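In case you want the letters, here they are:
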Amino acid sequence: MASPSKRREMDMMKLMMSDYKVDTVNDDLHMFYVTFHGPTDSLYEGGVWKIKVELPDAYPYKSPSVGFVNKIYHPNVDESSGAVCLDVINQTWSPMFDLINVFESFLPQLLLYPNPSDPFNGEAASLLMRDRPAYELKVKEYCKRYAKPEDIGAPEEISSDDDDDDSMSERGSDSDDNDEVAGKADP
């Protein structure tokens, strides 16, 4: 089998070539963000989340760390940290899985089939078991409030980690006078 670093690169390339928007931090393949859309026909449909992914040095032999950056109301996601309680990622991970599995299978399944008996968010689990209509209303409220495209940090937050691009774009847009002068000086 390929070395962990080769496998990490291969899985990152597969993820980047897929339909997911991937933003690396300083071109580091150990930590990056993925734009994730709520599954169709779910309470989370229409929601957009920024998912932080950290790959350990031993990936794929050790599971990635996955967490929601913007808020989501779910029994198996810690509301304050965004940490995900998902057995397949945390306990039964296998090198047979890759990053595409995380975003095409594991996270959609988590959102479609919450497990209130193994909660990270006790309040959400209790509400789901006690009053499903109220739980569904709260999920939809969180989606409207915290899971719009502008809530995922858009390019500003992500590019702030990339010093060169951010500083260049800020300098270029600070003053309209500079743009005008530069335009007139060029024949």
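Residues numbered from 1 in each chain as written. Predicted model: local features only at pLDDT ≥ 70, side-chain atom pairs only at ≥ 80, totals over all residues. Heavy atoms only, no water.

**Details of the packing of aromatic side chains**
Scanning the entire structure with this criterion turns up 10 aromatic pairs. Here the aromatic rings of Phe36 and Phe103 are separated by 6.3 Å at their centres, their planes lie at 55°, and the arrangement is tilted. Taken as a pair, Phe36 in strand E2 (residues 28-37) and Phe103 in helix H3 (residues 99-112) lie far apart in primary sequence, 67 residues in all. You'll find Phe36 and Phe103 in the same group, each marked buried. Aromatic side chains Phe97 and Phe106 sit 5.0 Å apart centroid to centroid with 85° between the ring planes, which places their arrangement in the edge-to-face category. For Phe97, a relative accessible area of 22% translates into the label partly exposed. Taken together, Tyr59, Trp93, Phe97 and Phe106 form an aromatic cluster joined through their ring pairs. The ring centre of Tyr33 lies 4.6 Å from the NZ or CZ of Lys50, which sits over that ring. (Phe/Tyr/Trp six-rings, centres within 6.5 Å; stacked < 30°, edge-to-face > 60°. Helix = DSSP H or I, 4+ residues; strand = E, 2+ residues; numbered from the N terminus. Buried < 20%, exposed > 50% of the residue type's maximum accessible area, 1.4 Å probe, protein only. Lys NZ or Arg CZ within 6 Å of the ring centre and 35° of its normal.)

**A closer look at the UniProt feature "active site" (unreviewed entry) in the protein**
In the UniProt entry, the feature "active site" (unreviewed entry) is given for Cys85. By secondary structure assignment, the location of Cys85 is in the loop between strand E4 (65-68) and helix H2 (87-90). Judged by its relative accessible area of 12%, Cys85 falls in the buried class. Apart from the residues within four sequence positions on either side, Cys85 is in contact with Asn76, Asn90, Leu110, Asp118 and Phe120. (UniProt positions renumbered as here; feature names shortened; annotations may be inferred. Contact = heavy atoms within 4.5 Å.)

**Concerning the side chain of Asp11**
As for its position among the elements, Asp11 is in helix H1 (residues 4-17). With relative accessibility at 2%, the residue Asp11 sits in the buried group. A distance of 2.4 Å separates polar atoms of two side chains, one belonging to Asp11 and the other to Tyr59. Leaving out residues up to four positions away in the same chain, Asp11 has contacts with Tyr59, Asp98 and Leu99. (Polar contact = N/O pair within 3.5 Å; in protein donor to acceptor, adjacent residues only side chain to side chain.)

**A few points about the pairing of strand E3 (residues 48-54)**
For a regular strand, side chains alternate in direction, first toward one face of the sheet and then toward the other. For E3, the buried fraction is high: 5 of the 7 residues fall into the buried class. Examined bridge by bridge, E2 and E3 share 7 bridges and lie antiparallel to one another. Its bridge partner being in E3, Thr35 is matched across the sheet by Lys50. Inspection of the sheet shows E3 paired to E4 by 4 bridges, in the antiparallel sense. Paired with Lys52 across the bridge in E4 is Gly67. (Pairing = 2+ DSSP bridges.)

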